[in-house]
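# Close look at the chain arrangement
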Amino acid sequence: MHENSEVSGTGPSPVAAFDPTAPVGQDTMLLGVSTFGDVDLDDAGEPKHHAVVLRQVVEQAKLADAVGLHSFGVGEHHRRDFAVSAPEVVLAAVASATKRIRLGSAVTVLSSDDPIRVFQRFATLDAVSNGRAEVILGRGSFTESFPLFGYDLADYEVLFEEKLELYHRVRSQKPVNWDGRTRAGLHGQMVYPHLENRLLPTWIGVGGTPQSVVRTAAYGYPMVLAIIGGQPERFAPFAQLYRRSLAEAGHDPRQLAVHSPGYVADTDEQAREEYFPHWLATRNRIGAERGWGPAGRGEFEALVEEDGALFVGSPDTVAAKVARLKETLGADRFELKYSNGTLAHAKMMRSIELFGSEVAPRVAGLLSLRAQVK
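For clarity, every value in this text was computed on a predicted model and none was experimentally measured.

Analysis parameters
Residues numbered from 1 in each chain as written. Predicted model: local features only at pLDDT ≥ 70, side-chain atom pairs only at ≥ 80, totals over all residues. Heavy atoms only, no water. Helix = DSSP H or I, 4+ residues; strand = E, 2+ residues; numbered from the N terminus. Rg over C-alpha atoms; globule rule 2.2 N^0.38 Å. Buried < 20%, exposed > 50% of the residue type's maximum accessible area, 1.4 Å probe, protein only. Contact = heavy atoms within 4.5 Å. Areas by Shrake-Rupley, 256 points an atom, 1.4 Å probe, with all protein chains shown as cover. Lys, Arg positive; Asp, Glu negative; His and termini not counted. Charge placed at Lys NZ, Arg CZ, Asp CG, Glu CD. 1 Å grid on protein atoms, 1.4 Å probe; cavity = no way out; pocket = protein on both sides within 12 Å on 5 of 7 lines; lining within 4 Å. Points joined across faces, edges and corners; volume = space filled by probe spheres on them. Nonpolar A, V, L, I, M, F, W, Y, C, P; charged D, E, K, R; others polar. Salt bridge = Lys/Arg side-chain N within 4 Å of Asp/Glu carboxyl O. Axes fitted to C-alpha atoms, helices over the stretch in contact; angles between N-to-C directions. Parallel < 35°, antiparallel > 145°, perpendicular 65-115°, else oblique. Left-handed = near helix turned anticlockwise from the far one by under 90°. Core = buried A, V, L, I, M, F, W, Y, C linked by side-chain atoms within 4.5 Å. Arc of directions from axis to C-beta.

## Examining the overall build of the protein chain
Across its full length, the protein chain holds eleven helices and twelve strands. Taking 21 Å as the expected radius of gyration for a compact globule of 374 residues, we find that the protein chain reaches 20 Å, a close match to that expectation. With respect to the principal axes defined by its C-alpha atoms, the protein chain has extents near 60 × 50 × 40 Å. Taken over 374 residues, the protein chain has a buried fraction of 52%. Excluding contacts between residues fewer than 6 apart, the proportion of contacts in the protein chain whose partners are at least 24 apart in sequence is 73%. Total accessible area computed for the protein chain in this model is approximately 15,800 Å², and 54% of it derives from carbon and sulfur atoms. When the 39 positive and 47 negative side-chain charges of the protein chain are each reduced to one mean point, those points stand 2 Å apart.

The following block contains the structure:
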């Protein structure tokens with residue numbers, strides 16, 4: 001499960017390349033945004049067509065690039081309330097409309113996909129975006145893709161384990177030898193296209209189980225902690241376990257990222273009032289599907305406090321919460337999931353603008369000041 005030190009393929013000989021997943025240091029955090037293509041409402045109060053929402057996602061990505069954010073992520077879902085089921089296609093459109101921002105999934109549900117096709121699609125995205133592609137692999141917290149593509153939820157664990165191992169071998173860009181029970185084996189086949197003189201940057205999204213953390217470290221992949229509730233600092237043991245497991249497996253240090261929902265407005269009061277109804281409707285709709293009890297204003301207020309998992313507020317408030325992740329988790333990167341239910345496109349655009357132009361420089365200033373004090 002160690003990283004391959006050489007890259008095979010056509011073109012010039014492999015050379016050392018910038019590693020976008022190497023830790024960034026105590027005075028730096030990389031900031032990005034992500035979306036599931038949540039379906040908002042039209043002027044008549046009706047859900048917008050998926051096609052409209054997808055075009056809006058491209059506009060949102062263009063703005064994220066324009067305000068200097070590090071990354072733009074698109075999640076994969078297969079249900080009415082989220083428009084994105086093919087992240088790579090959306091990201092290819094984004095690639096043609098942007099110049100610098102990194103492009104990734106948030107997440108790709110590997111368990112119900114083909115690892116070979118996942119690699120091929122993102123390798124293709126990497127080519128057309130001039131090296132800006134990355135993939136975040138996960139099991140997915142929604143399960144609609146399993147019956148849709150003919151998979152048994154009883155195989156939830158083995159599907160991810162086998163497909164991750166196969167993906168890892170394909171990613172090496174060397175002949176693949178693999179056998180398992182979830183698909184036909186491969187014996188010496190090469191998978192194309194290859195990347196230019198490097199491996200495809202690959203992360204694993206983790207919801208918070210020790211087994212998932214240790215597995216991520218065993219492969220030497222950077223890790224994304226999906227934190228949607230409670231207090232982010234409670235994930236500190238997972239961050240410590242990840243770094244310790246990486247070292248024990250003989251891997252170099254990798255970035256640790258945090259992915260959480262949030263919304264930025266000019267003031268704390270404005271942000272809370274504009275975000276709350278959309279958060280509540282989404283929370284209770286999905287909660288009902290999963291057997292959770294109904295939420296209310298009290299749960300929301302706890303989550304938007306200084307130590308809560310919702311990054312909602314003014315630029316000062318959100319920047320302070322983001323910078324806190326460096327202290328509590330040693331986070332290298334933070335991705336704000338800026339869409340939420342029927343939150344309007346115009347409000348999402350304003351939130352992205354503020355996150356890039358106001359929050360990012362404040363985070364940089366806070367981290368620089370703390371580094372000087374230490």
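## Things to note about empty space enclosed by the protein
Within the structure shown, the criterion is met by two cavities of 30 Å³ or more. One number sums up the size of the largest cavity: a volume of about 70 Å³. If you trace the largest cavity, you find it lined by Pro232, Glu233, Glu306, Asp307, Gly308, Phe311, Lys321, Arg324, Leu325 and Thr328. The element that contributes the greatest number of residues to the lining of the largest cavity is helix 10 (residues 315–329), accounting for four residues. A per-class count over the lining of the largest cavity returns three nonpolar, two polar and five charged.

## Describing the layout of surface pockets
Roughly 1,100 Å³ of internal volume is contained in the largest pocket. Lining of the largest pocket is provided by 47 residues; of these, Phe36, Ser141, Phe142, Ala226 and Ile228 occupy positions nearest its centre. Of all the secondary structure elements, the ones that give two or more residues to the lining of the largest pocket are strand 5 (133–138), helix 5 (156–171), strand 8 (202–206), helix 6 (210–219), strand 9 (223–226), strand 10 (256–264), helix 8 (268–290) and helix 9 (297–303). Residue composition of the lining of the largest pocket, grouped by class: 20 nonpolar, 18 polar and nine charged.

## Let's talk about the pattern of salt bridges
Per the counting criterion, the structure on display carries 31 salt bridges. Of the charged contacts, one joins aspartate 81 and arginine 79 as a salt bridge, the two residues approaching to 2.7 Å between their closest N and O atoms. The pair aspartate 81 / arginine 79 is uniform in exposure class, with both members buried. One salt-bridge network, in which partners are shared between bridges, spans Arg79, Asp81, Glu144, Arg285 and Glu289.

## Overview of the packing of helix 3 (residues 115–128) against helix 5
When two helices pack together, their arrangement is given by the angle between their axes and by how far apart the axes lie. Running from N to C, helix 3 and helix 5 cross one another at 40°; their axes reach a closest spacing of 8 Å. Considering their axes alone, helix 3 and helix 5 lie oblique with respect to each other. Two packed elements cross with a definite hand, and for helix 3 against helix 5 that hand is right-handed. Within the contact between the two elements, helix 3 uses Pro115, Ile116, Val118 and Phe119 and helix 5 uses Lys163, Leu166, Tyr167, Val170 and Arg171. Classifying every residue of the contact of helix 3 with helix 5 gives seven nonpolar, no polar and two charged.

## Some remarks on unusual backbone geometry
Geometrically, the link from alanine 106 to valine 107 is a cis peptide bond, its omega value of 5° lying close to zero. Look at the link from tyrosine 192 to proline 193: it is a cis peptide, with omega at 5°. Within the element layout of this structure, proline 193 appears in the loop between strand 7 (186–189) and strand 8. In the Ramachandran plot, asparagine 197 falls in the positive-phi region, its phi being about 65° despite a non-glycine side chain. Inspection of the secondary structure assignment puts asparagine 197 in the loop between strand 7 and strand 8.

## Points about the side chain of histidine 77
With respect to the secondary-structure elements, histidine 77 resides in the loop between strand 2 (71–74) and helix 2 (87–97). Not counting the four nearest positions on each side in its chain, histidine 77 is found in contact with Phe36, Phe82, Val84, Ser85 and Phe142.

## A word on the nonpolar core
Counting 90 residues, the largest nonpolar core has Met29, Phe72, Tyr167, Phe334 and Phe355 as the members making the most contacts within it. Counting residues per element, this core draws most heavily on helix 11 (residues 345–373), at seven residues. Leaving out residues up to four positions away in the same chain, tyrosine 167 has contacts with Leu110, Pro115, Val118, Phe119, Val135, Leu137, Leu200, Thr202 and Tyr221.

## Structural notes on helix 2
Helical periodicity: at 3.6 residues per turn, an α-helix aligns residues three or four positions apart in one direction. Among all positions of helix 2, only Pro87, Glu88, Val90, Leu91, Val94 and Ala95 are buried. Down the axis of helix 2, the smallest arc covering the buried residues is 155°, so these residues share one side. Of the residues in helix 2, the exposed ones pointing more than 90 degrees away from the buried face are Val89 and Ser96. On its buried face, helix 2 is in contact with helix 1 (50–66), strand 2, strand 3 (102–105) and helix 3.

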